[in-house]
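Okay, here's what each chain looks like letter by letter:
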Amino acid sequence: MTRSACPLSGWTVSLDLWGTLITHGDRQAASAWRITEFGRVLDAYGHHLAPEELSKTVRRTREEAAHQQRTTGAQPDVEAQVGAVLDELAIDRDAADLMKLLITVHTHAVLRACPQPIPGAVAALEVVKAAGGRLVLTSNTLATPSDVHRILLSDLGLLDCFDDVLFSGDLGVAKPRPEVFAAVAERAESPLDRVIHVGDDQLTDIDGAQGAGCHAVHYNPHRRPARPLVPDFADHAELPALLVSLCTAPAAELISRSASHE
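Only a predicted model underlies this, so the values are computations on that prediction, with no experimental measurement involved. (Residues numbered from 1 in each chain as written. Predicted model: local features only at pLDDT ≥ 70, side-chain atom pairs only at ≥ 80, totals over all residues. Heavy atoms only, no water.)

### Focus: the overall build of the protein chain
Looking only at helices and strands, the protein chain features 11 helices and 6 strands. For 262 residues, the compact-globule estimate of 2.2 N^0.38 gives 18 Å, and the C-alpha radius of gyration of the protein chain, at 20 Å, lies within 12% of that figure. Along the longest, intermediate and shortest principal axes, the C-alpha atoms of the protein chain span 65 × 35 × 35 Å. For the protein chain, long-range pairs separated by at least 24 residues make up 70% of all intrachain contacts whose partners lie at least 6 apart in sequence. Of the roughly 12200 Å² that the protein chain leaves accessible, carbon and sulfur atoms contribute 53%. Between the averaged position of the 23 positive side-chain charges in the protein chain and that of its 35 negative side-chain charges there is a distance of 3 Å. (Helix = DSSP H or I, 4+ residues; strand = E, 2+ residues; numbered from the N terminus. Rg over C-alpha atoms; globule rule 2.2 N^0.38 Å. Contact = heavy atoms within 4.5 Å. Areas by Shrake-Rupley, 256 points an atom, 1.4 Å probe, with all protein chains shown as cover. Lys, Arg positive; Asp, Glu negative; His and termini not counted. Charge placed at Lys NZ, Arg CZ, Asp CG, Glu CD.)

### Comments concerning the environment of alanine 237
With respect to the helices and strands, alanine 237 occurs in the loop between β6 (232-233) and α10 (239-247). Sequence separation between alanine 237 and leucine 125 is 112 residues, and the spatial gap between their C-alpha atoms is 9.7 Å.

### What about the pairing of strand β1 (residues 12-15)?
Side-chain alternation along β1 places Thr12 and Ser14 on one buried face and Val13 and Leu15 on a second face that is also buried. With 4 bridges connecting them, β1 and strand β2 (residues 134-139) associate as parallel partners. Each bridged residue has a counterpart across the sheet, and for threonine 12 the counterpart in β2 is arginine 134. Alignment of β1 against strand β4 (residues 195-199), held across 4 bridges, turns out to be parallel. Each bridged residue has a counterpart across the sheet, and for valine 13 the counterpart in β4 is isoleucine 196. (Buried < 20%, exposed > 50% of the residue type's maximum accessible area, 1.4 Å probe, protein only. Pairing = 2+ DSSP bridges.)

Just geometry here; none of it tells us what the structure is for.
Below you can see the structure in the form of structure tokens.
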């Protein structure tokens, strides 16, 4: 292809995963399975807990870890997440193999939610790739580590769509921290102003990307109020043309959009 046929050549397109490329699936099913299996493991170790007590503790510690990640960019360790549950329940986390079993349950529960690609997402990625864009998956992880994410992405036929994948659990920091977006640019050997990040979350994706010096595009399926001047789309079929229009826009216009959150 000629350069004119590859309008995204030289650009890195970073994409969020959950809520942007795939659905969250049945979160209640995943949560119920996690709590049920936690109960079975603990029961086998002689800790007979009321289901209500266990459920409340698991949910609360998970919400606290998610809030810390989202607001500060801190990356909670999976073992620390499970350890927090045991500490609240006054259960010795050093019992033989107990932590290992609970971590397996904790990290694989998401598979019970059966997430699926958002309609049109895979086709949009293929068009962006054909237009010369470097595709990078940039995802925060909480209970689900990168190895389980890779299994999920492979099962959904998404893993091979990307030139690179970055997970916060591997980086040690999470969006919206600028280090995450700096890693995207560094690994692409690209300046930050040649990175466009696409995501559905205004704090972690939009503010995070712009605060790091990248451009941002908001996946906004419900057309909620968006950041001023930040381009958004509701249907993935719109994304390739939107990216091309951004990447061929005058530099002054791109700079204006990048500074629009300040």
